[in-house]
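Residues per chain, in single letters:
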Amino acid sequence: MKSLASTTALAMLLMACPTYADPTVMVGISMNFGGGEKPALGLTGKVLSSDRADEVVGVAGATYFFDGYWGLDAGVGYTFDDGAVTLTYDFLNKRPQLSAGWADISSVC
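Anyway, here's the lowdown on the structure attached to this text. Here the structure is a predicted model, which means the values were calculated and not measured.

**Digging into the nonpolar core**
One finds Met26, Leu48, Val57, Val59, Ala84, Ala103 and Ile105 forming the largest nonpolar core, which totals seven residues. Once you skip the residues sitting within four places of it in the chain, methionine 26 turns out to touch Thr44, Gly45, Lys46, Leu48, Ala84, Thr86, Ser99, Ala100, Gly101, Trp102 and Ala103.

Put into structure tokens, the structure is as follows:
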């Protein structure tokens, strides 16, 4: 009986999804706001701490704004099936940033 219980437990562990996730990338659009200036739009590239859907993730990235300047930011985000939304702080421009775009999200599990 112990053998059957051990085998069943091992089989259940092997069929379960892994509990780890790899970092992934996101590309999209962003908007800096606040700081007493008008909102600024740009193209952004970010690294997300997880490639799994429906998770809160850590974010770091860079943005080129259509006004001709750059931004570097870090913050948090949320992943979806094929994308992510992030709220970060742009350290070069000293303003909050909201971004959305496509992310390489894993479809495993």
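And the narrative resumes.
**Quick word on the sheet that holds strand S1 (residues 24–32)**
In any sheet, the strands associate via hydrogen bonds between backbone groups, in a parallel or an antiparallel arrangement. In space, the six strands of this closed barrel follow the order S1-S2-S3-S4-S5-S6, with antiparallel pairing throughout. The sheet shows a mean angle of 35° between the axes of neighbouring strands, direction not considered. Summarising the sheet, strand S5 (residues 83–90) and strand S6 (residues 95–103) pair through eight bridges and their orientation is antiparallel. Looking at the pairing, valine 85 lines up with alanine 100 of S6.

Scoring rules and cut-offs
- Residues numbered from 1 in each chain as written.
- Predicted model: local features only at pLDDT ≥ 70, side-chain atom pairs only at ≥ 80, totals over all residues.
- Heavy atoms only, no water.
- Core = buried A, V, L, I, M, F, W, Y, C linked by side-chain atoms within 4.5 Å.
- Buried < 20%, exposed > 50% of the residue type's maximum accessible area, 1.4 Å probe, protein only.
- Contact = heavy atoms within 4.5 Å.
- Pairing = 2+ DSSP bridges.
- Helix = DSSP H or I, 4+ residues; strand = E, 2+ residues; numbered from the N terminus.
- Axes fitted to C-alpha atoms, helices over the stretch in contact; angles between N-to-C directions.

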